[in-house]
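# Results of the structural survey
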Amino acid sequence: MSAINVSAADACTGLRHALDAAAISCLDPALNDDGLIHIEDLSGPSGRELHSLLTAGVAGHPAAPVPSKVLAPAAMSVAETVAVRADLDQLLAGMAIGDLSVRIHRGRPVIHLRNLDASGAETLTALLWTGLHDFLTAARDLGDALQKHDLTEGGALTPRVRNLRITLGKVTVATAARFASLLDGEPVPDDLECPEYAEAADIADRLARAVQAAAGFMDVEMHYYCHECGHDSTITLREIRLDVAQRLVAALQNATEQHVDLSVENRSPVPPPR
């Protein structure tokens, strides 16, 4: 592969990541034999969201308002899709960024953006990330807050922007207990190196409740120890909305290590049953 095609391939990958982060529904950007990039089957509603984000990027500020997530957007007529294409064409005029067209695919109108060179793809990518600035900032700040409390599990818990949400990752049961303790102030249970199923499930539920109380909804999924493959028990932290991520950052920034007490002698004695 020539140096030009290597550059175009890198630009194509970067554009794919930006479109994925922005929840833009289309075929993955593809590189042809001439080193040019095509974005095909962009629906009218996704074209409208792309226009909104690119407009914000051109203006140099985050898009407002940006939806928390695109869910089953309504279909557009051919005329409406052509209008979106015209708006995109006007916005991109003078940037030498590819060729826009509207085609009918499987009975619905779609937009094709073809013949982008590496420079054009990089320009689109930069504009998209500028429009997604608030999401990038939240992901970065959340990563810093997790790192501050040693919760990143060596990179396994790394916030990223995907589909207009902040994705997280997975942690061990012991780290999940520390995470919950930072938020709810309750002590961390002893000896979580190999917890029983019920104990691990309780930790997963506790973390979900702690995040809910401090920031908002976060789904969790426990993967218990596998005797066959020897994998340790882990808890996967699912994607969260932008506002939840921002509140979680504030909660973790305000948490202190005094919330986490692993020593038995420093815990309050449990009163005997009556």
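Residues numbered from 1 in each chain as written. Predicted model: local features only at pLDDT ≥ 70, side-chain atom pairs only at ≥ 80, totals over all residues. Heavy atoms only, no water.

Core analysis: the biggest nonpolar cluster contains 77 residues, and Leu 142, Phe 179 and Ile 235 have the highest contact counts within it. Among residues more than four places away in sequence, those in contact with Phe 179 are Leu 146, Leu 151, Leu 157, Leu 207, Leu 237, Leu 248 and Leu 252. (Core = buried A, V, L, I, M, F, W, Y, C linked by side-chain atoms within 4.5 Å. Buried < 20%, exposed > 50% of the residue type's maximum accessible area, 1.4 Å probe, protein only. Contact = heavy atoms within 4.5 Å.)

Moving on: the sheet that holds strand β7 (residues 220-223). With respect to topology, four strands assemble into an open sheet ordered β5-β6-β8-β7, the strand pairing being antiparallel. Looking at which strands have only one partner, the edges of the open sheet turn out to be β5 (157-162) and β7. In this sheet, adjacent strand axes meet at a mean angle of 15 degrees when their direction is disregarded. With four bridges joining them, strand β6 (residues 165-172) and strand β8 (residues 234-237) adopt antiparallel strand pairing. Bridge assignment links Thr 172 to a residue of β8, and that residue is Thr 234. In the packing of helix α7 (residues 197-214) onto the sheet, the strands contacted are β7 and β8, and the crossing angle to β7 comes to about 165 degrees. (Pairing = 2+ DSSP bridges. Helix = DSSP H or I, 4+ residues; strand = E, 2+ residues; numbered from the N terminus. Axes fitted to C-alpha atoms, helices over the stretch in contact; angles between N-to-C directions.)

It is worth spelling out the sheet that holds strand β3 (residues 99-105) at this point. One open sheet accounts for four strands, arranged β1-β2-β4-β3; its pairing is antiparallel. Of all the strands in the sheet, the pair left with one neighbour each is β1 (30-31) and β3. Sheet analysis places β1 next to strand β2 (residues 37-43), joined by two bridges and oriented antiparallel. Looking at β2, one finds that Leu 31 is bridged to Ile 37. With respect to the sheet, helix α4 (residues 118-131) is in contact with β2 and β4 (108-116), its orientation differing from that of β4 by roughly 125 degrees.

Time to look at unusual backbone geometry. Excluding glycine, most residues fall at negative phi; most peptide bonds, likewise, are trans. Unlike most non-glycine residues, Asp 41 shows phi in positive territory, near 60 degrees. The topology assignment puts Asp 41 in strand β2. We note that Asn 163 has phi near 60 degrees; this positive angle belongs to a residue other than glycine. Residue placement: Asn 163 occurs in the loop between β5 and β6.

Note that Ala 245 resides in helix α8 (residues 242-254). With a relative accessible area of 0%, Ala 245 lands in the buried category. Spatially, the C-alpha atoms of Ala 245 and Gly 216 are 8.5 Å apart, while their sequence positions differ by 29 residues. Discounting chain neighbours no more than four positions away, the residues touching Ala 245 are Ala 138, Leu 142, Ile 166 and Ile 240.

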